[in-house]
Amino acid sequence: GQQVMQIPQYQHVQEGEDFTTYCNSSTTLSNIQWYKQRPGGHPVFLIQLVKSGEVKKQKRLTFQFGEAKKNSSLHITATQTTDVGTYFCAGFQGGKLIFGQGTELSVKP
Amino acid sequence: DAGITQSPRYKITETGRQVTLMCHQTWSHSYMFWYRQDLGHGLRLIYYSAAADITDKGEVPDGYVVSRSKTENFPLTLESATRSQTSVYFCASSAIIGGLSGYTFGSGTRLTVV
């Protein structure tokens, strides 16, 4: 079945540094979604990418969908302590949303 | 998100007991889902439902039972709880699959099986 792999598992940064998490699928994805989960909280939808090569921005967050629609990335510029949490990518297969393992981001002030 | 609620928030049960986790949404979303979250595994889909009386298995359905007699409710039952089912369980809903608003998750139920 489809696997969605996400790296790194953990990332520790100093406040102000940039952060990137990568998502790779074993199969072509129709679309990909990104979620953020704060410590002790629940996943919250951030964005969906549909088109090959698509790039979307939300303030300091930049999301990319690969040309082959098998990989995606989330880049945060100049991290802040409010960015702390776990970031998940998720891809659809057969109507089911399959999540990656997530990247846990910690930010040292 | 007050529109999707899970109960209880915390539950401790003994091995072999039956336990039901509740999920209720007020948006009349067609789709509802149950995920479990464990360290190192992210979120894994247990069961999902496309509408009332329509359910289907996800990635890890063994040991779980679901029903959906009403659109707004999607309870998850562990028929005979095992320690390996200790986890955080999230319910989610969505109006459509692949929609631009994504899935909306409940606050979760932390289940401990002793």
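Shown above is the structure to which this text applies.
Residues numbered from 1 in each chain as written. Chains lettered and ligands numbered in written order. Predicted model: local features only at pLDDT ≥ 70, side-chain atom pairs only at ≥ 80, totals over all residues. Heavy atoms only, no water.

Brief notes about the interface of chain B and chain A
Facing the 23 residues of chain B at the interface are 20 residues of chain A. Carbon and sulfur atoms supply 58% of the area that chain B and chain A bury against each other, a total of about 1700 Å² over both sides. Looking at the side of chain B facing chain A, the largest losses of area belong to B:Leu43, B:Tyr103 and B:Phe105, adding up to 27% of the total buried there. At the junction of chain B and chain A, the tally comes to four residue pairs in polar contact (both at pLDDT 80 or more). Taken together, the residues of the side of chain B that touches chain A break down into nine nonpolar, 11 polar and three charged. (Contact = heavy atoms within 4.5 Å. Buried area = accessible area lost by both parts, 1.4 Å probe. Polar contact = N/O pair within 3.5 Å; in protein donor to acceptor, adjacent residues only side chain to side chain. Nonpolar A, V, L, I, M, F, W, Y, C, P; charged D, E, K, R; others polar.)

Thoughts on the sheet that holds strand β1 (residues 4-7) of chain A
Residues and elements named next belong to chain A. On the basis of which strands lie adjacent, the open sheet formed by five strands has the order β1-β3-β8-β7-β6 and antiparallel pairing. Of all strands in the sheet, those bounded by a partner on one side alone are β1 and β6 (55-58). Averaged over all adjacent pairs, the angle separating strand axes in this sheet is 15°, with direction ignored. Looking at chain direction, β6 and strand β7 (residues 61-65) are connected through four bridges and run antiparallel. Residue pairing for β7: Gln58 is matched across the bridge by Leu61. (Pairing = 2+ DSSP bridges. Helix = DSSP H or I, 4+ residues; strand = E, 2+ residues; numbered from the N terminus. Axes fitted to C-alpha atoms, helices over the stretch in contact; angles between N-to-C directions.)

Things to note about the packing of aromatic side chains
Inspection of every chain in the model, using the stated rule, returns 15 aromatic pairs over all chains. Seen from their ring centres, A:Phe19 and A:Tyr87 are 5.9 Å apart, and the 45° between their planes marks the pair as tilted. Highlighted residues: A:Phe19 in strand β3 (residues 19-25) and A:Tyr87 in strand β9 (residues 85-93), separated in sequence by 68 residues. No difference in accessibility class separates A:Phe19 from A:Tyr87, as the two residues are buried. With a centroid separation of 6.5 Å and 10° between ring planes, the pair formed by B:Tyr31 and B:Phe33 is classed as stacked. When its relative accessible area of 1% is taken as the criterion, B:Phe33 is described as buried. (Phe/Tyr/Trp six-rings, centres within 6.5 Å; stacked < 30°, edge-to-face > 60°. Buried < 20%, exposed > 50% of the residue type's maximum accessible area, 1.4 Å probe, protein only.)

As for the pattern of salt bridges
In the structure shown here, the tally under the stated rule is five salt bridges over all chains. The shortest N-O distance in the salt bridge between A:Asp83 and A:Arg60 comes to 2.9 Å. A residue pair is termed long-range when its members are at least 10 positions apart, and A:Asp83 in the loop between β8 (71-76) and β9 and A:Arg60 in the loop between β6 and β7 qualify at 23 residues. On the accessibility criterion, A:Asp83 (4% relative accessible area) is buried. By relative accessible area, which is 24% here, A:Arg60 ends up partly exposed. Where B:Asp38 meets B:Arg36, a salt bridge forms, and the shortest distance between an N and an O atom there is 2.8 Å. Taking the relative accessible area as the measure of exposure, B:Asp38 reaches 15% and is therefore buried. Here the salt bridges share partners, and the residues they tie into one network are B:Arg36, B:Asp38 and B:Arg44. (Salt bridge = Lys/Arg side-chain N within 4 Å of Asp/Glu carboxyl O.)

The values are spatial; any link to function lies outside them.
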